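Architecture and fold: a report
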Amino acid sequence: MKLKDLAGILPVEGTASADLEVTGISSDSRQVKPGVVFFALAGTKADGAAYAADAAGRGAIAIVAGQGSAIAGLPVPVLAVDDPRLALALSAARYFGKQPQTMVAVTGTSGKTSVAAFTRQIWEQAGHAAASIGTTGVVAPGRNDYGSLTTPDPVALHLLLRELADAGVTHASMEASSHGLDQRRLDGVKLAAGGFTNLGRDHMDYHPTVEDYHRAKLRLFDTLLPKGAPAVIFADDPWSAPTIQAAQAAGLEVLTVGRHGDFLKLKRVEHERHRQRAEVEADGVLYEIDLPLAGDFQISNALVSAGLAISTGTPVAKALMSLEKLKGAPGRLDLVGTTANGAPVYVDYAHKPDALENVLASVRPFTTGRVMVVFGCGGDRDRGKRPIMGEIATRLADVVIVTDDNPRSEVPETIRAAILAAAPGAIEIGDRRQAIHEAVGMLHAGDTLIVAGKGHEEGQTIGSETLHFSDHEEVRAALRERAA
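Here the residue numbers are simple positions, counted from 1 along each chain's written sequence. Side-chain atom pairs in this predicted model are given and counted only at pLDDT of 80 or more, local residue features only at pLDDT of at least 70, and totals for whole chains, interfaces and linings cover all residues. With hydrogens and water stripped out, all remaining heavy atoms of the structure feed into the side-chain values.

The name given to the protein chain in an unreviewed UniProt entry is UDP-N-acetylmuramoyl-L-alanyl-D-glutamate--2,6-diaminopimelate ligase, with Mesorhizobium qingshengii as the source organism. UniProt positions are given in the numbering used here, feature names are shortened, and annotations may be inferred rather than shown by experiment. Heading Subcellular location (unreviewed entry) of the UniProt record for the protein chain holds this comment: "Cytoplasm". Taken from UniProt, the Sequence similarities (unreviewed entry) comment for the protein chain reads in full: "Belongs to the MurCDEF family. MurE subfamily."

Just so you know, the domain bounds were taken from an automatic or database domain assignment. Domain assignment breaks the protein chain into domain 1 (3-95), domain 2 (97-325) and domain 3 (334-483). Of note, the centres of domain 1 and domain 3, computed from C-alpha atoms alone, are 45 Å apart.

As a rule of thumb, soluble globular proteins bury nonpolar side chains together. Remark: nonpolar core denotes a set of buried residues (Ala, Val, Leu, Ile, Met, Phe, Trp, Tyr, Cys) joined through side-chain atoms within 4.5 Å. Per-residue accessibility, obtained with a 1.4 Å probe over protein chains only, is compared with the maximum for each type, and a residue is labelled buried under 20%, exposed over 50%, and partly exposed between these values. Within the largest apolar cluster, 36 residues are counted, with the highest numbers of intra-cluster contacts made by V257, L264, L320, L323 and L326. Every helix listed is a DSSP run of H or I at least four residues long, and every strand listed is a run of E at least two residues long, numbered separately from the N terminus. Here this core gets eight residues from one element, more than from any other, and that element is helix α8 (residues 296-311). With sequence-adjacent residues up to four places away left out, L320 is seen in contact with L264, V280, A282, Y287, I289 and A306. Counting residues in each nonpolar core, the second largest holds 34 residues, with L161, L186, I244 and A247 among its members. Only heavy atoms enter the contact rule, under which two residues are in contact if any of them lie within 4.5 Å.

Let's shift gears to the sheet that holds strand β3 (residues 62-66). Being paired, for any two strands, means DSSP has found at least two bridges between them. The parallel open sheet is built from four strands, whose spatial order is β1-β2-β3-β4. Two strands bound the open sheet, and with one partner strand each, they are β1 (24-26) and β4 (78-81). With strand direction ignored, the average angle separating the axes of adjacent strands in the sheet is 20°. As judged from the three bridges shared by strand β2 (residues 36-39) and β3, these two strands associate in the parallel manner. Residue pairing in the sheet places V37 in a bridge with A62 of β3. Axis definition: a line fitted to C-alpha atoms, limited for helices to the stretch in contact. Angles are taken between N-to-C directions and run from 0 to 180 degrees.

Turning to the pairing of strand β11 (residues 230-234), a few remarks are in order. Each regular strand displays side chains that alternate between the two surfaces of the sheet. Among the five residues that make up β11, five are buried, leaving the element largely enclosed by the rest of the structure. The alternating pattern of β11 places P230, V232 and F234 and A231 and I233 on opposite faces, both of which are buried. One ladder, built from three bridges, connects strand β10 (residues 191-196) with β11; its direction is parallel. Paired with G195 across the bridge in β11 is V232. As defined by bridge partners, β11 adjoins strand β12 (residues 253-258) across five bridges and the pair is classed as parallel. Counterpart to A231 in the pairing with β12 is V254. One crossover worth recording links β11 to the parallel β12 by way of helix α7 (residues 240-249), and it is right-handed. A crossover counts as right-handed when, viewed with the strands pointing away from the observer, the path leading from the first strand over the helix to the second turns clockwise.

So, about the pattern of salt bridges. Just to be clear on terms, a salt bridge is a Lys or Arg side-chain nitrogen sitting within 4 Å of an Asp or Glu carboxyl oxygen. Within this structure, the stated rule accounts for 29 salt bridges. The shortest N-O distance in the salt bridge between R275 and D290 comes to 3.4 Å. Of this pair, R275 sits in the loop between β13 (264-271) and β14 (276-282) while D290 is found in strand β15 (residues 285-291), placing the two residues 15 residues apart along the sequence. Notably, a salt bridge pairs R364 with D398, separated by 3.2 Å at the nearest N-O pair. Separated by 34 residues along the polypeptide, R364 in the loop between α10 (353-363) and β18 (371-375) and D398 in the loop between α11 (385-396) and β19 (399-402) bring together distant segments of the chain. Among the residues examined, R364 registers a relative accessible area of 32% and is labelled partly exposed. With relative accessibility at 45%, the residue D398 sits in the partly exposed group. Beyond isolated ion pairs, a larger network of salt bridges with shared partners links D404, E413, R416 and E428.

This part covers the UniProt feature "domain: Mur ligase C-terminal" (unreviewed entry) in the protein chain. UniProt marks residues 331-455 with the feature "domain: Mur ligase C-terminal" (unreviewed entry), using the numbering shown here. In this annotation, residues 331-455 is assigned 34% helix and 21% strand; the end-to-end C-alpha distance for the span is 4 Å.

We now examine unusual backbone geometry. With glycine set apart, most residues show a phi of negative sign, and most peptide bonds adopt trans. With a phi close to 40°, L333 is a non-glycine residue in the positive phi region. With respect to the element layout, L333 can be found in the loop between α9 (316-322) and β16 (334-338).

Most of β14 is tucked away, with five of its seven residues classed as buried. Sheet topology places β13 next to β14; six bridges connect them, and they run antiparallel. Among the inter-strand pairings, E270 is bridged to a residue of β14, identified as R277. Taking the residues that link successive antiparallel strands as the turn, the β13-β14 hairpin has four residues. Looking at chain direction, β14 and β15 are connected through seven bridges and run antiparallel. If you follow A282 over to β15, its bridge partner there is V285. Between the end of β14 and the start of β15, which pair antiparallel, lie two residues, with D283 showing a positive phi angle near 55°.

A cavity, in this analysis, means grid points on a 1 Å lattice covering only the protein atoms where a 1.4 Å probe fits yet has no way out; a pocket is instead an open set bounded by protein on both sides within 12 Å along at least five of seven lines, and a residue lines either one if it has an atom within 4 Å of a point. Grid points are joined across faces, edges and corners, and a volume is the space filled by probe spheres set on the points. Within this structure, the stated rule accounts for two cavities of 30 Å³ or more. By volume, the largest cavity is sized at about 50 Å³. Surrounding the largest cavity, A278, V280, I289, L291, I299, A302, L303 and L323 form its lining. Listing elements by their share of the lining of the largest cavity, those giving two or more residues are β14, β15 and α8. Residue contributions to the lining of the largest cavity peak at three residues, all from α8. Polar here means any residue other than Ala, Val, Leu, Ile, Met, Phe, Trp, Tyr, Cys and Pro, which are nonpolar, and Asp, Glu, Lys and Arg, which are charged; Gly is therefore polar. Taken together, the residues of the lining of the largest cavity sort by class into eight nonpolar, no polar and no charged.

What follows covers the layout of surface pockets. Estimates place the volume of the second largest pocket at around 340 Å³. Those elements that place two or more of their residues in the lining of the second largest pocket are α3 (112-125), β6 (130-134) and β7 (137-140). Sorting elements by how many residues they give to the lining of the second largest pocket places α3 first, with five residues. Split by residue class, the lining of the second largest pocket holds seven nonpolar, 11 polar and five charged.

This is the structure in structure tokens:
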């Protein structure tokens, strides 16, 4: 590709570098090599303009910056654009070129990882080579890469999409975080359909209000999806109505699912310990489904997933029957084991108020004894959610143990104190390993324990250091100790 091939995205006409060969796209000056186009992005901690000279010195053939940038005196052209992040995403899409033929994205506060994983599994059962991209990493035929970012940066994302397409993947589902949508990371992805799960309090350290948070989510529907594309929206959430209105205003085909859904209507659910029996109506036909996953929220996630699969060509009956073979995403109400007296221990990623409320409420119907929870809150993140989560835990659980999550640069005791202020009667055990082991030791027959907050994560960040830590490993170790 030559620089002039990015015309329409970048103002390259008439530049001295127009015929130069582009060897890469980057917003990290440390990754720049000769022939790379460097995008100087303004971030919350640093301004890419400060690294433009370094990028030029490393061989960048052009610098892309915002209008009015003070970058000057470089030996390469500085291309001014209105939205450098948008230009980066579109340039990366054009540079890498190939994507799986059918791409869908799902947004919402909770359930994105499960929906992306479930949609992939439904496609797989329909005979497609499918992939999912999100918080737990990338899963595709012959590939299972652990990840950390819900929505990768545009360069990494479009490189990944090309790799998947080259490997024969035809269908891919991905999570669309509010950060990713707001920062234009999904622009350039050719989406066939989009999904919405729910909206609760999250990322209030980034978004000034919940309304702003919701607006960021809506970019999936009012900006990224082409007119007429399906928008599969869970209908039973307080934020469903404004999401439906926005999707309709954008000219999308709105397909609602859930108890109030029109496309896939949930008629009845019977909750059991490790599964749920559901009746779902579609096109006037009633389907009886045994979902092998616990929790009302998993029914919601499964219906959004089925809606995405159906709206992209999977037959209705095939998609709904595929729900009976679903495997839960790692760390999402994940049954790790049971004690000798039969008490189950689950690990769940719930690290925000709505998610914690959902997971605690979901185990109550099949718990004859006490619901117990071990959880904490992350440091350097939304401080306002800490007392909210403390209140939820003490309202919905019988035994609450407050421990450390990822304290990062904050003093762990300060984080725990904010939770405990709204959690009367809660037990404080700062050491997460000790908290898990003591909680397992407290289990009686009929009890259920949830270890919440970290889910699939395999590290704990204390200060600037991330130490190996797995809730799954600690639960299994505690169960072995009790069985010895």
